[in-house]
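Tertiary structure, described
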Amino acid sequence: MAKIIQEPSRTFGEYLLIPNLTTKDCIVANVDLKTPLVRFKKGEEPAISLNIPMISAIMQSVSDDKMAVALAKNGGMSFIYGSQTIEEQAEMVRKVKKYKAGFVISDSNLTPDNTLEDVLNLLNRTGHSTMAVTADGTPNGKLLGIVTARDYRTSRDELTKKVAEFMTPYERLIVGKEGTTLKAANDIIWEHKLNSLPIIDKEGNLQYLVFRKDYAEDKENSRALLDSEKRYMVGAGINSRDYAERVPALVEAGVDAVCIDSSEGFSEWQYDTIKWVRDTYGDSVKIGAGNVVDREGFRYLANAGADFIKVGIGGGSICITREAKGIGRGQASAVLDVAAARDEYFEETGIYVPICSDGGIVHDYHITLALAMGADFVMLGRYFARFDESPTAKVKTSKGYMKEYWGEGSNRARNWARYDLGGKKELTFEEGVDSYVPYAGSLEDGVGITLHKIKSTMCNCGSTTIKHFYENARLTLVSATSIQEGSAHDVVLKDNQ
Ligand SMILES: NC(=O)C1=CN([C@@H]2O[C@H](COP(=O)(O)OP(=O)(O)OC[C@H]3O[C@@H](n4cnc5c(N)ncnc54)[C@H](O)[C@@H]3O)[C@@H](O)[C@H]2O)C=CC1
Ligand SMILES: O=c1[nH]c(=O)c2[nH+]cn([C@@H]3O[C@H](COP(=O)(O)O)[C@@H](O)[C@H]3O)c2[nH]1
Ligand SMILES: [K+]
């Protein structure tokens, strides 16, 4: 007979935190958000910890190399999407590991044969006014010149005018040689009043651009997530089919952790994937698995050897899995149940397997609630898609600037070859939507505000670490009317006049 869990499954919006005593040392500056990413034994330190409890979703519209660098700079980790070829994904990982703070691989590139119209289209697409002109139009081709907004006048110049006619040609450029330190590059930038400095190799190929502002940023960032060689850390999504080819390529590229990306992870496919990684690499390759929503799913993957386990089915902003398949669970109930299972497992085995709440974070305080409920960190899609650094287009709409955001289960994402239910193509159905999210500026600013809110709330609850917060948090369910009470009510807002 079917078993029925009588308690309805609940989501974050149905809970609030009750403050605990705030002692005088409980101030935002004292809050440490460091959190384990991978399993560890009682009394030992995890091999990898995050400096902030946030990772970015394994999605085409969220996590590429650019997002990975921006997030690692701020203490979190991106898992680069797996819905692309093995070579393309490994190349993104390689770019992050090769990234030198302040040295940017040019993303706006032209050939001398391009036209002013191409320049304007590129500007529209990337938002970057400094463009490299290379022989083959690639980021590492032979450098022939630079175009900036000062090189053309849209009111006067013909759209058909060739880049060769108005670029600053190589002979007139000031360039840095390969091996130039960031400090030296910055000195040249200041000395010559430049906005950017191209760095070239011995053959004259473009390597990087150094921008004036990046140097200051780099010096300020102390929460960056770095490996032992001071490179940014990065993860990557894998699947339970081509892992024997994909994982080696990612490891070769320097990936710090992989994660099996699936809507539903309580399966022998995932068990086999984890086992293959353990048999091939022992504990040296870190692997996350999921998603699960209950104790049974957690224990299965923990026993299989997963380094961390993701929680959440159907709660994502672009998700329609619950509608399409009728599986899932309210995100708060899922996290509470799995956190209890993790603690039970730790008691029994002395092994702590971190859990990640994946999807359904709408307000910043939902992250705080997820941590209070026992998540070690959260995975966010919509949240990160809104920033400059996400891979998608920024579009002007009647409701202001938006960024595109689509689900990995949408037809748009699945057009990539991997997707296959093992049956006929005509039998596939969509599990995600294609959408817009309001543009929200730079990741650094957005994450800064979010972290400040999380820390403030933790102080209200008398905690300066995530562990203490979880162990002491008191949560209350809220009624529909108390939710109403919680927003502005019985006043006429001036903005709406
Ligand atoms: N978290 C969520 O609620 C949801 C997430 N998604 C996202 O959509 C994307 C696709 O997810 P899924 O469709 O779950 O991908 P998936 O690759 O895990 O599963 C697709 C189908 O293939 C089967 N399968 C997996 N490995 C197999 C193997 N080795 N041999 C034979 N069959 C195998 C699975 O059981 C499933 O029926 C992911 O990025 C996922 O994160 C989609 C829906 C919901
Ligand atoms: O039902 C789904 N259909 C999809 O197409 C899809 N794509 C991603 N995901 C999952 O949603 C998470 C991101 O959720 P948020 O935007 O709410 O942060 C992600 O981290 C995934 O777990 C999907 N779920
Ligand atoms: K299953």
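Bear in mind that the values here come from a model prediction, so they are computed numbers and not experimental data.

So, how was this worked out
Residues numbered from 1 in each chain as written. Chains lettered and ligands numbered in written order. Predicted model: local features only at pLDDT ≥ 70, side-chain atom pairs only at ≥ 80, totals over all residues. Helix = DSSP H or I, 4+ residues; strand = E, 2+ residues; numbered from the N terminus. Rg over C-alpha atoms; globule rule 2.2 N^0.38 Å. Buried ≥ 20, exposed ≤ 12 C-beta atoms within 10 Å, placed from the backbone. Contact = placed C-beta atoms within 7 Å. Near = placed C-beta within 6 Å. Nonpolar A, V, L, I, M, F, W, Y, C, P; charged D, E, K, R; others polar. Axes fitted to C-alpha atoms, helices over the stretch in contact; angles between N-to-C directions. Parallel < 35°, antiparallel > 145°, perpendicular 65-115°, else oblique. Left-handed = near helix turned anticlockwise from the far one by under 90°. Pairing = 2+ DSSP bridges. UniProt positions renumbered as here; feature names shortened; annotations may be inferred. Core = buried A, V, L, I, M, F, W, Y, C linked by C-beta atoms within 7 Å. Domains from an automatic or database assignment. Right-handed = clockwise from strand over helix to strand, strands pointing away.

What to know about the overall build of the protein
Tallying secondary structure elements over the protein gives 17 helices and 25 strands in all. Computed over the C-alpha atoms, the radius of gyration of the protein is 24 Å, within 12% of the 23 Å expected from 2.2 N^0.38 for a compact globule of 497 residues. Structurally, the protein occupies a C-alpha span of about 75 × 60 × 50 Å along its principal axes. Split into buried and exposed, the 497 residues of the protein put 43% on the buried side. Look at the contacts in the protein between residues 6 or more apart in sequence, and 64% of them connect residues 24 or more apart.

Re the site of ligand 2
Surrounding ligand 2, one finds 25 residues, the nearest of these being Gly316, Cys319, Gly407, Gly409 and Gly432. Mapped onto the shell around ligand 2, the elements with two or more residues apiece are strand 21 (377–380) and helix 13 (382–385). For the shell around ligand 2, the per-class residue count stands at 9 nonpolar, 12 polar and 4 charged.

Digging into the packing of helix 2 (residues 86–98) against helix 7 (residues 243–253)
Their axes nearest at 8 Å, the elements helix 2 and helix 7 cross at an angle of 20°. By the angle between their axes, helix 2 is roughly parallel relative to helix 7. Our pair here, helix 2 against helix 7, has a crossing hand that is right-handed. Residues Ile86, Gln89, Ala90, Val93, Arg94 and Lys97 of helix 2 touch helix 7, and the partners they reach there are Glu245, Arg246, Ala249, Leu250, Glu252 and Ala253. Classifying every residue of the contact of helix 2 with helix 7 gives 6 nonpolar, 1 polar and 5 charged.

Description of the sheet that holds strand 8 (residues 109–110)
Spatial strand order, 8-9-10-11: 4 strands in an open sheet with mixed pairing. At either margin of the open sheet sits one strand with a lone partner, and together these are strand 8 and strand 11 (168–169).

Notes on the UniProt feature "domain: CBS" (unreviewed entry) in the protein
Following the UniProt record, the feature "domain: CBS" (unreviewed entry) maps to residues 103–163 and 167–225 here. Across residues 103–163 one finds 20% helix and 21% strand; the C-alpha atoms that close the span lie 25 Å apart.

Remarks on the sheet that holds strand 23 (residues 400–406)
Reading across from one edge, 22-23-24 is the order of the 3 strands in this open sheet, with antiparallel pairing throughout. The sheet is open, and its two edges are formed by strand 22 (394–397) and strand 24 (434–438), each paired on a single side. Within the sheet, the average angular offset between the axes of one strand and its neighbour, ignoring direction, is 45°. Pairing geometry for strand 22 and strand 23, over 4 bridges, is antiparallel. Each residue of the ladder has a partner; that of lysine 394, found in strand 23, is lysine 403.

Here's the deal with the nonpolar core
Core analysis: the largest hydrophobic core is formed by 102 residues, its most contacted members being Val93, Val234, Ile309, Val335, Ala375 and Val378. The element best represented in this core is helix 11 (residues 331–349), accounting for 7 residues. Filtering out sequence-adjacent residues up to four positions away, valine 335 remains in contact with Val311, Ser357, Ala370, Met373, Gly374 and Ala375. Counting 23 residues, the second largest nonpolar core, distinct from the first, contains Val119, Val147, Met167 and Ile199.

Some details on the site of ligand 1
In the vicinity of ligand 1 lie 25 residues, with Ser240, Ser262, Ser263, Trp269 and Glu408 positioned nearest. Split by residue class, the shell around ligand 1 holds 5 nonpolar, 14 polar and 6 charged.

Details of the UniProt feature "binding site: NAD(+)" (unreviewed entry) in the protein
UniProt's feature table lists "binding site: NAD(+)" (unreviewed entry) at Asp261, Ser262, Ser263, Gly312, Ile313 and Gly314, given in the numbering used throughout. Across 54 residues, the annotated set stays spatially compact, with a maximum C-alpha separation of 13.8 Å. Mapping aspartate 261 onto the fold places it in the loop between strand 16 (257–260) and helix 8 (268–281). Note on placement: glycine 312 falls in the loop between strand 18 (308–311) and helix 10 (321–325). With 29 C-beta atoms counted inside 10 Å, the residue glycine 312 sits in the buried group.

Thoughts on the domain arrangement of the protein
When its domains are assigned, the protein resolves into domain 1 (12–100 + 224–486) and domain 2 (103–220). Computed over C-alpha atoms, the centres of domain 1 and domain 2 are 36 Å apart. Opposite the 4 residues of domain 1 that make contact, domain 2 presents 4 residues. Residue classes in the side of domain 1 that touches domain 2 are distributed as 1 nonpolar, no polar and 3 charged.

Remarks on the environment of threonine 111
Structurally, the position occupied by threonine 111 is in the loop between strand 8 and helix 3 (116–126). C-alpha of threonine 111 to C-alpha of threonine 168: the two residues are 57 residues apart in sequence and 13 Å apart in space. Setting aside anything within four residues of it in sequence, one finds threonine 111 in contact with Val133, Thr134, Ala135, Asp136 and Gly137.

Observations regarding the pairing of strand 21
Regular strands place side chains that alternate from one sheet face to the opposite one. Of the two faces of strand 21, both are covered, the one formed by Phe377 and Met379 as well as the one formed by Val378 and Leu380. With 3 bridges connecting them, strand 5 (residues 54–56) and strand 21 associate as parallel partners. Within strand 21, the residue paired with methionine 54 across the bridge is valine 378. Looking at chain direction, strand 20 (residues 355–358) and strand 21 are connected through 3 bridges and run parallel. If you follow aspartate 358 over to strand 21, its bridge partner there is methionine 379. At this point the chain moves from strand 20, through helix 12 (residues 364–372), to the parallel strand 21, and the crossover so formed is right-handed.

A short note on the environment of valine 433
For valine 433, the location among the structural elements is in the loop between helix 14 (411–414) and strand 24. Separated by 291 residues in sequence, valine 433 and lysine 142 have C-alpha atoms that sit 41 Å apart. Residue contacts for valine 433: discarding those within four places in its chain leaves Ile318, Ile320, Gly407 and Ser410.

Overview of unusual backbone geometry
With an omega dihedral of 5°, the bond running from glycine 290 to asparagine 291 counts as a cis peptide bond. Positionally, asparagine 291 belongs in strand 17 (residues 287–292). Its identity is not glycine, yet lysine 230 carries a phi of approximately 65°, on the positive side. Following the sequence through the fold, lysine 230 ends up in the loop between helix 6 (212–220) and strand 15 (235–238). Judged by the 9 C-beta atoms lying within 10 Å of it, lysine 230 falls in the exposed class.

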